[in-house]
Amino acid sequence: MLVMKKLQLSLLLVACSLLGATTKPNLVVIMTDDLGYADVGFNGCKDIPTPNIDRIADQGVVFTNGYVAYPVCGPSRAGFMTGRYQQRFGFERNPQYRTDDSNMGLPLSEDTIASVLKRVGYTSGIVGKWHLGAHPKLHPLSRGFDFFHGHLGGGHQYFPEALTIKDSYKAKNEPDSYRTWILRNHEPVQPAKYLTDDFSDTAVEFIELNQEDPFFLFLSYNAPHTPLQATENYLDRFDHIEDKKRKTYAAMVSAVDDGVGRVLDKLKELEIADDTLVFFLSDNGGPTTKNASRNTPLRGGKSDVWEGGHRVPFALMWKEHLSSGESYNNPVSSLDILATIAGLADAPIAKERPLDGVNLIPYLKKEAKGIPHETLYLRKWDQKRYSIRKGKYKYVIAGGNSKPQLFNLEKDIAEENNILFSNKELATDMEKLLRRWESELMEPQFFGLIHTDAWQKKAKNAAENKK
């Protein structure tokens, strides 16, 4: 009898252990930098094959109306990292590379995905681009992450021989930051290969080392952000592209795709793919004139509040839990990623900092009624650009003194036909919603890249006042 009771207890403990494992899946977020909406196969790209990125879509869900929270890198990543509109905490500009300014980045008052998941036993790593502050207090290891291999700034040179500044904290400005060695946690290391390949190697290494316990990996590629640089083995794949800029861009995207394939293969090899959510997205729309990206059929690109600025390639794979080859057509946001994994892992969220994102899984499984978001908002303070997405409608103020416009995205994804004059009541309602949301926000809390001269003047005045 005693033996039977011990056996029953053992089985109960095993069952509880298995149940706990299913409620704490791994999370991998693969984010590209400045990738065009139309530059992946699952969005119709023909001249740049992306078979591995497309595996995520083919074996998971494509979000046809997937948005990021901002149309440029830094604020977009701040929103993703916190699950909150970044304007709530004043992160509304691309931060300058200032290693002596602890205000120039993600405020210490905010939780990150890593700090939230740490409370429920996750190990978190970021590989690649940070761009949420270069001051030591803002380093990833001070923000909940257990491992960092990457660069602190907004972009980087790709070839090892160009990385001539060993100490990241001695880089004095943005151009300098592109030439630093890579930080591995706090130690500088000089990559021995093309940077995208180096990041892919490290991502695979992180998965191998942390396969036994729940982990979060943020694979934060800086590709295909400028400078446009690629190795010959990737360039040779695109002799059919005559435009030199587009050819190099294609090679950079292909390098990312190879890395995505290696990550997916490693998850499968270790038999943890079924327990791992894999998100793929870009941090904003493609800057078409700068890197030859394409956002077709969307209007505009990076920095715009048009669809091309913040509607991005967006897919999720969670094998054995979500259907394969599905499309989800209701608007979703990068803000939802933290809410999704927190919901699955039963990770507590601070009441004083409620999330703007929602757990997507009940909607994808058709367990929740309605839609994830009644409205999605965007404000770009310096250019006075705004938008609000409500259902199939989008209300836009394109900047400066421009007049508001209204579009039916279901019929007009390219935002060509302004229907405001025949829908004035709807436009008025959306304007009210936008202003109500704006009343909850704060002004930007630091100077951005566009204010480099102003920041230098402020620092000079502060130094003179101390004399």
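Thresholds, definitions, all that
- Counting of residues starts from 1 at the beginning of each chain's written sequence and follows it residue by residue.
- Note on the predicted model: pLDDT of at least 70 is required for a residue's local features to be given, and 80 or more for side-chain atom pairs to be given and counted; whole-chain, interface and lining totals, by contrast, use all residues.
- With hydrogens and water excluded, all non-hydrogen atoms of the structure serve as input to the side-chain values.
- Each helix is a run of H or I in the DSSP string that is no shorter than four residues. Each strand is a run of E no shorter than two, and both are numbered from the N terminus.
- Think of it in three bands: with a 1.4 Å probe and only protein chains considered, a residue is buried below 20% of the maximum accessible area for its type, exposed above 50%, and partly exposed in between.
- Contacts: residue pairs with any heavy atoms within 4.5 Å of one another.
- Method for areas: the Shrake-Rupley scheme with a 1.4 Å probe, in which residue coverage is limited to the protein chains shown.
- Two residue types count as positive, namely Lys and Arg, and two as negative, namely Asp and Glu; His and chain ends fall outside the count.
- Note on charges: their place is set at NZ of Lys, CZ of Arg, CG of Asp or CD of Glu.
- Fitting a line to C-alpha atoms yields each axis, with helices limited to the stretch in contact; the angle taken between N-to-C directions then spans 0 to 180 degrees.
- Roughly parallel means an angle under 35 degrees; roughly antiparallel means over 145; roughly perpendicular covers 65 to 115; every other angle is labelled oblique.
- Two rings from Phe, Tyr or Trp (for Trp, the six-membered ring) form a pair when their centres sit within 6.5 Å of each other. Planes less than 30 degrees apart are called stacked, planes more than 60 degrees apart edge-to-face, and all others tilted.
- A ring is considered to have a charge above it if a Lys NZ or an Arg CZ atom is located within 6 Å of its centre and within 35 degrees of its normal.
- Residues are sorted three ways: Asp, Glu, Lys and Arg are charged, Ala, Val, Leu, Ile, Met, Phe, Trp, Tyr, Cys and Pro are nonpolar, and all the rest, Gly among them, are polar.
- Two strands make a pair as long as DSSP finds a minimum of two bridges between them.
- By convention in these notes, a salt bridge is any Lys or Arg side-chain nitrogen within 4 Å of a carboxyl oxygen on Asp or Glu.

## Looking at the overall build of the chain
A count of helices and strands for the chain gives 14 helices and 16 strands. Referenced to the eigenvectors of the C-alpha coordinate spread, the extents of the chain come out at roughly 80 × 55 × 55 Å. Split into buried and exposed, the 467 residues of the chain put 58% on the buried side. Excluding contacts between residues fewer than 6 apart, the proportion of contacts in the chain whose partners are at least 24 apart in sequence is 71%. Accessible surface, the chain as shown: approximately 19,700 Å² in total, 50% of it carbon and sulfur. The average position of the 59 basic charges and that of the 60 acidic charges among the side chains of the chain differ by 5 Å.

## Some details on the packing of helix 2 (residues 51-58) against helix 8 (residues 244-269)
It is the contact of helix 2 with helix 8, at a shortest axis distance of 7 Å, that shows an interaxial angle of 50°. The angle between the axes of helix 2 and helix 8 places the two elements in the oblique class. Of helix 8, the residues touching helix 2 (which contributes P51, N52, I53, R55 and I56) are D257, D258, V260, G261, L264 and D265.

## A short note on unusual backbone geometry
Residue P224 is reached from A223 by a cis peptide bond, and omega for that bond is 0°. Of note, the bond from T296 into P297 is cis; its omega dihedral lies within 30 degrees of zero at 5°. Even without a glycine there, the phi angle at A292 is positive, about 65°. Relative to the helices and strands, A292 is located in the loop between helix 9 (288-291) and helix 10 (307-310). Non-glycine residue K384 carries a positive phi angle of around 55°. Topologically, K384 is positioned in the loop between strand 13 (375-380) and strand 14 (385-390).

## Some words on helix 11 (residues 336-345)
Across the 10 residues that make up helix 11, a large majority, nine, are buried. All buried positions along helix 11 are accounted for by D336, I337, L338, A339, T340, I341, A342, L344 and A345. Following helix 11 by one or two positions, D346 has its phi on the positive side, about 55°.

## As for the packing of aromatic side chains
Summed over all chains, the structure comprises 16 aromatic pairs. With 5.9 Å between their ring centres and 75° between their planes, W306 and F407 make a pair best called edge-to-face. Placement of W306 in the loop between helix 9 and helix 10 and of F407 in strand 16 (residues 405-408) is noted, with a sequence separation of 101 residues between them. You can call W306 buried: its relative accessible area is 9%. Its relative accessible area of 0% is what places F407 among the buried residues. What links up through ring pairs into an aromatic cluster is the set F63, F279, F314 and Y328. Residue placement shows K384 over the ring face of W381; its charged tip is 4.4 Å from the ring centre.

## So, the packing of helix 6 (residues 195-209) against helix 8
The N-to-C vectors of helix 6 and helix 8 enclose an angle of 10°; their axes lie 9 Å apart at closest approach. Relative to helix 8, the element helix 6 is oriented roughly parallel. The residues of helix 8 that touch helix 6, namely those facing T196, D197, S200, D201, A203, V204, I207 and E208, are A255, V256, G259, R262, V263, K266 and L267. Tallied by class, the residues present in the contact of helix 6 with helix 8 amount to seven nonpolar, three polar and five charged.

## Quick notes on helix 2
Of the residues making up helix 2, those classed as buried are N52, I53, D54, I56 and A57. For helix 2, the elements touching its buried residues are strand 1 (26-32), strand 2 (61-63), helix 8, strand 9 (276-282) and strand 10 (314-317).

## Thoughts on the environment of A251
Structurally, A251 is set in helix 8. Take A251: its relative accessible area is 0%, and that puts it in the buried class. When the C-alpha positions of A251 and F218 are compared, they lie 22 Å apart, and in sequence the two are 33 residues distant. Setting aside anything within four residues of it in sequence, one finds A251 in contact with A230, Y234, L235 and F238.

## A word on the sheet that holds strand 7 (residues 187-189)
With mixed pairing, 10 strands are arranged side by side in an open sheet as 7-6-5-4-8-1-9-10-2-11. Two strands in the sheet have a free side with no partner beyond their single neighbour: strand 7 and strand 11 (326-328). Across the sheet, the axes of successive neighbouring strands diverge by a mean angle of 15°, strand direction being ignored. Relative to strand 10, strand 2 is paired through two bridges, and the arrangement is antiparallel. What sits directly across from V62, in strand 10, is A315.

## Describing the environment of I397
Examined against the element boundaries, I397 turns out to sit in strand 15 (residues 393-397). By relative accessible area, I397 is classed as buried at 9%. Sequence spacing of I397 and K384 is 13 residues, and the spatial spacing of their C-alpha atoms is 7.8 Å. Each residue touching I397, except ones within four places of it in the same chain, is listed here: V305, K384, R385, Y386, S402, P404, E431 and R435.

## Things to note about the pattern of salt bridges
This structure, assessed with the given rule, holds 31 salt bridges. Of the charged contacts, one joins D33 and K129 as a salt bridge, the two residues approaching to 2.5 Å between their closest N and O atoms. Of this pair, D33 sits in the loop between strand 1 and helix 2 while K129 sits in strand 4 (residues 123-129), placing them 96 residues apart in sequence. For the pair D33 and K129, one class covers both residues: buried.

## Some thoughts on the sheet that holds strand 15
Consider a sheet: its strands pair through backbone hydrogen bonds, and that pairing is either parallel or antiparallel. Strand order in the open sheet formed by four strands is 13-14-15-16, with antiparallel pairing between adjacent strands. The open sheet has two edge strands, strand 13 and strand 16, and neither has a second partner. Looking at each pair of strands side by side, their axes are set apart by 15° on average, direction ignored. Strand direction decides the pairing type here: strand 15 and strand 16, joined by four bridges, are antiparallel.

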